[in-house]
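Structural features, examined
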Amino acid sequence: MLLFNKKHIKEIDGHNLIAYISDKKVGLEGYIAIHRKNSSHPSFGATRLWNYSLNDDAIKEALRLSRAMSYKSALAGLPCGGGKAVLMSKKDAFTHRKEYLKSYAKKVNLLGGNFITGSDVGITRDDVMLMRKVSPYFVGVKTNPEKFTAMGLLYGLETCLLSVFGSEDLANRSFAIQGVGKIGTEFLKLIYSKAKEIYVADIDTLRVGEIKKMFPGVIVVTPQEIHKVAVDIFSPCALSNCINHRNVAELKCKAIVGGANNQLENSSIGSLLHRIGIVYAPDYVVNAGGLISVYDEYEYGNTRVKRVEERIHNIKKTLKKILDESKREKVPTNIVADTMAKEIIASY
Ligand code: NAD
């Protein structure tokens, strides 16, 4: 394990550490970033496995995602810092998946409990169960973070609908969900019987087929079209930077509420959305349900659903505060949320 610090990478912004990890025998290569570690609490952030072609892309992703986890934790009222692991999947990684994951779990052990992790893009619950046998620093074994993420998304959605349309009711509302993996599917389950119309897209055509069987009423479009569909709500539930300078002018939604982390390519995209009248529910505010549930598992050694639900319900209050302030002060929602998160972090 090779450790970097602020002296080595200028993009580091309030990060405590970025570690390069590798194990050539199993094809493991990736980065673990810790954005904020307060002395009495570890940093939380899930592990992503994706086919990044450049190490530079993977480092930047780990840095940005771990910072977003700090902000998420702050606005969710949790004391933990933010972290993230980004693993660069190689073709042969899947041939020896179990060995690959076990080797990664041993690397997590080297951080001595400063980094607590679970499943993100490309990592399944079974993977987490396997890695937990090697490392006590994996969470999401006694709770289902995806279900709780979707619960928070629904609360965020209702708050946003009330702010934009004057009613929380989904009955007359149309949706476009980008990515129907773990989070997209759990969110779809919650809105399927209530919404007027739901469009979905995924680059994984097998997954799209399964979704169409489970939810025959959804309308499948291509990944190239999904953000362009004229709907009330665009819901990004796939990868980072999905709203960027190339596609922002193509959006035809009224609001954005989704589970994906780092949806905006950069903060100026938030300003653009604000200017064109699309209400953006900051991703790390509305997708905090999973973090809240795994933190509960860590804190209490188990998860009590009622306790977790109460904490997740606070997403409504936090988002309402952000949307109200954005309207009142004419400031983009992403800026309002970032400012609130930074203030909380500075007060520790
Ligand atoms: P996942 O791997 O289960 O699903 C992601 C899906 O997106 C896959 O089906 C993939 O094929 C699809 N996809 C990728 N690129 C796409 C594109 N351009 N267009 C359409 N589909 C595309 O991952 P997940 O755990 O569901 O996570 C999805 C997002 O939610 C990520 O940004 C993640 O960081 C965020 N998130 C996850 C959790 C969690 O508990 N898993 C919690 C909070 C936030």
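Residues numbered from 1 in each chain as written. Predicted model: local features only at pLDDT ≥ 70, side-chain atom pairs only at ≥ 80, totals over all residues. Heavy atoms only, no water.

In this section: the overall build of the protein chain. Broken down by element type, the protein chain carries 11 helices and 13 strands. Taken over C-alpha atoms, the radius of gyration comes to 19 Å for the protein chain, in line with the 20 Å a tight globule of 348 residues would show. With the principal axes as the frame, the protein chain shows a C-alpha extent of 50 × 45 × 40 Å. Counted over contacts in the protein chain with a minimum sequence separation of 6, partners at least 24 positions apart contribute 64%. When the accessible surface of the protein chain is totalled, it reaches about 15,200 Å², and 53% of it is carbon and sulfur. Seen as two clouds, the 50 positive and the 36 negative side-chain charges of the protein chain have centres 3 Å apart. (Helix = DSSP H or I, 4+ residues; strand = E, 2+ residues; numbered from the N terminus. Rg over C-alpha atoms; globule rule 2.2 N^0.38 Å. Contact = heavy atoms within 4.5 Å. Areas by Shrake-Rupley, 256 points an atom, 1.4 Å probe, with all protein chains shown as cover. Lys, Arg positive; Asp, Glu negative; His and termini not counted. Charge placed at Lys NZ, Arg CZ, Asp CG, Glu CD.)

Glancing now at the domain arrangement of the protein chain. Split by domain assignment, the protein chain resolves into domain 1 (6-70 + 80-139) and domain 2 (146-288 + 316-346). Centre-to-centre separation of domain 1 and domain 2, based on C-alpha positions: 26 Å. The interface is formed by 14 residues belonging to domain 1 together with 13 residues belonging to domain 2. On the domain 1 side of the contact with domain 2, Trp 50, Arg 64 and Ala 68 bury the most area, a combined 42% of that side's loss. Counting across the interface, domain 1 meets domain 2 through 0 salt bridges. Our enumeration of links across domain 1 and domain 2 arrives at 8 residue pairs in polar contact (both at pLDDT 80 or more). Residue assignment for the side of domain 1 that touches domain 2 shows that the elements contributing at least two residues are strand S5 (47-50) and helix H1 (55-75). Broken down by element, the side of domain 1 that touches domain 2 gets its largest block of residues, 5 residues, from H1. (Domains from an automatic or database assignment. Buried area = accessible area lost by both parts, 1.4 Å probe. Salt bridge = Lys/Arg side-chain N within 4 Å of Asp/Glu carboxyl O. Polar contact = N/O pair within 3.5 Å; in protein donor to acceptor, adjacent residues only side chain to side chain.)

One pass over the structure, following the stated rule, counts 7 aromatic pairs. Judged by centre distance (5.2 Å) and plane angle (55°), the rings of Phe 44 and Tyr 295 are tilted. Of this pair, Phe 44 sits in strand S4 (residues 43-44) while Tyr 295 sits in helix H9 (residues 289-300), placing them 251 residues apart in sequence. A relative accessible area of 3% places Tyr 295 in the buried class. (Phe/Tyr/Trp six-rings, centres within 6.5 Å; stacked < 30°, edge-to-face > 60°. Buried < 20%, exposed > 50% of the residue type's maximum accessible area, 1.4 Å probe, protein only.)

Here we take up helix H3 (residues 125-132). When H3 is considered as a whole, its buried residues turn out to be Asp 127, Val 128, Leu 130 and Met 131. The buried residues of H3 occupy an angular sector of 160° when the element is viewed end-on, so they sit on one face. Looking at the buried side of H3, the elements it contacts are helix H2 (97-110). (Arc of directions from axis to C-beta.)

To continue, consider the site of the ligand. Around the ligand, 26 residues are found, and the nearest of them are Asp 120, Ile 183, Asp 202, Ala 238 and Asn 261. Taking Gly 122, its main chain carries an N or O atom lying 3.1 Å from an oxygen atom of the ligand. When the free accessible area of the ligand is taken as 830 Å², the share hidden by the protein chains comes to 88%. When residues of the shell around the ligand are traced back to their parent elements, those giving at least two are S5, helix H4 (145-165) and helix H5 (182-191). For the shell around the ligand, the leading source of residues is H4, giving 3 residues. (Near = heavy atom within 4 Å.)

The next subject is the side chain of Thr 303. Checked against the element boundaries, Thr 303 lands in the loop between H9 and helix H10 (305-329). Owing to a relative accessible area of 17%, Thr 303 belongs among the buried residues under this scheme. Leaving out residues up to four positions away in the same chain, Thr 303 has contacts with Lys 142, Thr 143, Ser 293, Asp 296, Glu 297 and Val 308.

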